[in-house]
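This is what each chain is made of:
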Amino acid sequence: MDWVALLRQLIVGISSGMITFLGAAGVSLVVSGMSLMNFAQGAFMLLGAYVCYTITRVMGFWWALLIAPLVVAIVGGIVELLMRPLYKKNMLFQLILTMGIAFVMADGIQLIWGTLVKTVTAPVFISRTFSLLGTPFPTYYVLIIVIACLFAIGMWLVFEKTKLGMIFRAIISDREMVGSLGINVNKLYSIMFMVGVWMSGLAGVLIAPIIGISSQKSFGILFSIMTVIVIGGITSMRGVLYAALIVGVANALGSLYLPWFYTLIPGLLMVIVLILRPEGLFVRSED
Amino acid sequence: MNLKVEDLMTRIIIRNKPIGFLIAGVIIVAVLPLIIPSQWIQLFTQVLIMALFATGLNMEMGYAGMMPLGQATFLGLGAYSFGILIVKAHMSLAPAIVLALFICLIVNAIIGFLCLRGKPMTFGLLHMAFNILFTTIVAKWIPITGGDVGLSGIPRPHIFAGTVPFYYMVLGLVLICYLIISTIMNSPFGKIAQGLRENEERLIFLGINTKRYQLILFIISGFFAGVAGILLAMLNRGVFSSYVQIILSAQAMMMCLIGGAYSFWGPTLGAALIVIFSNTVSNYVFYWQGILGVIMIVTVLGFRGGILRKRSVKTNVPDVSVNKSPSGGTAG
């Protein structure tokens, strides 16, 4: 067995798992805070990648890493205004709304950027490889892992240590109480949705240099987010992280050993988890 | 107490349009191919098939209040299993249809079981996830499904091979299916399905296994989608990847919503509007998906009742609150 190839696939798997985690964490945050399933998350991620493409051509990749997620978050803030009339209505209408938004965004992206597949080139020194044990490793994948880890730690700090994080946690556990404390819940929902979408924008920027960006990919991306959410447990951020890593690594190793089958691995994992533990692998059962 | 339950039932019952209306409609639809130019008959056949698809979907969505976001899976399942049996396994027409419908039922049951494992929100999520999964399989498994090109060379039954006879065949089949659906929805089973929408918790307290009813409804609804898929494959003489695309699921939901999801004929009306509109628009504009998205957003924001909304539901609202208060009392 080729250990080096295995190790390299492991890095690729973990990094793609981290990217999926960023997208899925946004969905999970919005679901647990607002009881709103955002089917447009894949489209937002794609928008992040396209904005990254444009900004990279003008200003360079590092600026794109900073600005593109913010642009996506602003678009998300506008979209959130559309959802406001539906918060107390049947959930079906919210789902159809986010689906419609995903369609509009996919075609809107196509209208702006065209149908050709776009590629983003990362700055020279990170698109190189570094050598370890005499074999080359792609630096960019390691960078993704580092950025995503920093982000995860940052999110954890925001959640546990700041006032905003405290209010977020409060609204997840008891929405009406937060409202009656005199906090503007509508504004909070806006912020929450924008944070969730900002995460997907970041994921989109990170994924941009390693895939060919095409406007038809939004539902494929959405599927990888969905599988991870189902496996990890829909409202458990930590479960989503573990699930994303598992799926990412399984996918990467699968592409090494089962090249014709590996696109089905996430779906298969999802089905197995649904049979064994329908509420998610990493959710503690409530007593 | 009996009276009150009955009040509730009359509120949530879906009364069909008066019978005269129905007969007039059937006559118009039956005479239509004799009047309109022949190139339109194909389009109207498609309207009928999509109407069946949407009405089947509405059993889940409008009557039972479930969230079937990926119904195209089952249309595609019917069409593809039928197409593969004919083109790849060289079966003759009748056994292929029977076997395809059988495959539909089995796979429906499996997917339905998996989708119903979680909470209501997970149901919608999984329904859509299976749709995307199925799309991926169709796109990747090229030796069997033909990938993006699809399978062509699906025959129609000999007697009904022409455009007009095929129209009448579809019309007849769709009417039979409508009869079955309306019988199911007006039976005690259908009443429980509507109860699922109105107050699932109460049904659980009554000792009804709601999951099982949802699963049965899921299978029936998917079965009619499979029938529609087979008819669509015959209509276009081929099976194409557009039959499983998620945009078709969205279109079907929009047919129900625009026509009126709480009425029996709403999805049919919606199907006519959406199919004719989409065919017209896609002749001129490339961005049908985005336009459909805009339609979805506008409908959901401002037009949730649909065209055939039941006005009686609105006027009866005070009665309902009277009905509900004793139940609240007993629950508390």
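A. Highlighting the overall build of chain B. When helices and strands are tallied, chain B shows 15 helices and 2 strands. Scored against the burial criterion, the 332 residues of chain B give a buried share of 52%. Of all intrachain contacts in chain B linking residues separated by at least 6 positions in sequence, the fraction that spans at least 24 positions is 79%.

B. Just the overall build of chain A, in detail. Across its full length, chain A holds 12 helices and 2 strands. Counting helices and strands in the order they occur from the N terminus, chain A gives α-α-α-α-α-β-β-α-α-α-α-α-α-α. Taken over C-alpha atoms, the radius of gyration comes to 19 Å for chain A, in line with the 19 Å a tight globule of 287 residues would show. Taking the principal axes of its C-alpha atoms as reference, chain A extends roughly 60 × 50 × 35 Å. Taking all 287 residues of chain A together, 54% fall into the buried category.

C. Molecular detail of the confidence of the model for chain B. Residue and element names in this part refer to chain B. In this model, chain B carries an average pLDDT of 81, and 87% of its residues clear a pLDDT of 70 or more. For the stretch residues 311-332, pLDDT sits under 50, and the model shows 8 contacts to residues farther than four places along the chain or on other chains. Reported confidences for the modelled complex are a pTM of 0.84 and an ipTM of 0.83.

D. View of unusual backbone geometry. Of note in this structure, Ser35(A) is not a glycine but carries a positive phi near 50 degrees. Taking the relative accessible area as the measure of exposure, Ser35(A) reaches 28% and is therefore partly exposed. In this structure, Arg237(B) is a non-glycine residue whose phi angle is positive, near 55 degrees.

E. Structural detail: the nonpolar core. Phe39(A), Phe193(A), Leu52(B), Phe82(B), Met128(B) and Phe130(B) are the most contacted members of the largest nonpolar core, which has 199 residues in total. Of the residues forming this core, the biggest block, 15 residues, is contributed by helix α3 (residues 38-63) of chain B. In contact with Met128(B), other than residues within four places in its own chain, are Phe39(A), Met99(A), Phe219(A), Leu222(A), Met226(A), Leu69(B), Gly70(B) and Ile246(B).

F. The interface of chain B and chain A, seen in detail. On the side of chain A, 40 residues touch chain B, which itself brings 37 residues to the contact. Surface buried jointly by chain B and chain A totals about 3,700 Å² across both partners, of which 84% is contributed by carbon and sulfur atoms. Counting every contact that joins chain B to chain A gives 0 salt bridges. Applying the counting criterion to the chain B and chain A interface returns 3 residue pairs in polar contact (both at pLDDT 80 or more). Of all elements in the fold, only α6 (120-140), α11 (246-259) and α13 (288-302) of chain B reach the threshold of two or more residues within the side of chain B that touches chain A. No other element matches α6(B), which puts 11 residues into the side of chain B that touches chain A.

G. Fine view of the pattern of salt bridges. What the rule picks out here adds up to 2 salt bridges over all chains. Between Glu80(A) and Arg84(A) there is a salt bridge, with the nearest N and O atoms lying 3.3 Å from each other. Overall, Glu80(A) belongs to the buried group, its relative accessible area being 0%. Residue Arg197(B) pairs with Glu198(B) through a salt bridge whose shortest N-O separation is 3.0 Å.

H. View of the packing of helix α4 (residues 72-87) of chain B against helix α10 (residues 210-235) of chain B. Residues and elements named next belong to chain B. Between α4 and α10, whose axes approach to 6 Å, the crossing angle comes to 50 degrees. If you check the angle between α4 and α10, you find them oblique. Crossing of α4 over α10 shows right-handed handedness. Only Phe218, Gly222, Ala225, Gly226, Ala228, Gly229, Ile230, Leu232, Ala233 and Met234 of α10 make contact with α4, whose side of the interface consists of Phe74, Leu75, Gly78, Ala79 and Phe82. Looking at the contact of α4 with α10, its residues break down into 11 nonpolar, 4 polar and no charged.

I. Up close: the packing of helix α3 (residues 61-83) of chain A against helix α4 (residues 91-113) of chain A. Residues and elements named next belong to chain A. α4 packs onto α3 with a crossing angle of 145 degrees between their chain directions and a minimal axis gap of 11 Å. As for the relative orientation of α3 and α4, their crossing is right-handed in sense. The segment α3 lies against α4, with Val79, Leu82 and Met83 engaging Leu97, Thr98 and Ile101. A per-class count over the contact of α3 with α4 returns 5 nonpolar, 1 polar and no charged.

J. Region of interest: helix α12 (residues 266-284) of chain B. End to end, α12(B) covers 27 Å across 19 residues, agreeing with the expected 27 Å (1.5 Å per residue, within 8%). Here the buried face of α12(B) lies against α3, α8 (163-186), α11 and α13 of chain B.

K. Looking closely at the environment of Val149(B). Examined against the element boundaries, Val149(B) turns out to sit in the loop between α7 (142-145) and β1 (151-152). Placed 34 residues apart in sequence, Val149(B) and Thr183(B) show a C-alpha to C-alpha distance of 39 Å.

L. Representation of a nonpolar patch on the surface within the structure. Residue and element names in this part refer to chain B. Together, Ile23, Ile27, Val31, Leu34, Ile35 and Tyr168 make up a nonpolar patch on the protein surface, roughly 590 Å² of accessible area in all. Among the elements that make up the nonpolar patch, the one with the highest residue count is helix α2 (residues 19-35) (5 residues). Here Ile23 shows up in helix α2. Of the residues examined, Ile23 reaches a relative accessible area of 49% and is grouped as partly exposed.

Scoring rules and cut-offs
- Residues numbered from 1 in each chain as written.
- Chains lettered and ligands numbered in written order.
- Predicted model: local features only at pLDDT ≥ 70, side-chain atom pairs only at ≥ 80, totals over all residues.
- Heavy atoms only, no water.
- Helix = DSSP H or I, 4+ residues; strand = E, 2+ residues; numbered from the N terminus.
- Buried < 20%, exposed > 50% of the residue type's maximum accessible area, 1.4 Å probe, protein only.
- Contact = heavy atoms within 4.5 Å.
- Rg over C-alpha atoms; globule rule 2.2 N^0.38 Å.
- pLDDT = per-residue confidence, 0-100.
- Core = buried A, V, L, I, M, F, W, Y, C linked by side-chain atoms within 4.5 Å.
- Buried area = accessible area lost by both parts, 1.4 Å probe.
- Salt bridge = Lys/Arg side-chain N within 4 Å of Asp/Glu carboxyl O.
- Polar contact = N/O pair within 3.5 Å; in protein donor to acceptor, adjacent residues only side chain to side chain.
- Axes fitted to C-alpha atoms, helices over the stretch in contact; angles between N-to-C directions.
- Parallel < 35°, antiparallel > 145°, perpendicular 65-115°, else oblique.
- Left-handed = near helix turned anticlockwise from the far one by under 90°.
- Nonpolar A, V, L, I, M, F, W, Y, C, P; charged D, E, K, R; others polar.
- Expected span 1.5 Å × (residues − 1).
- Patch = residues over 30% accessible without salt bridge, like charges linked within 9 Å, V, L, I, M, F, W, Y side chains within 5 Å.
- Areas by Shrake-Rupley, 256 points an atom, 1.4 Å probe, with all protein chains shown as cover.

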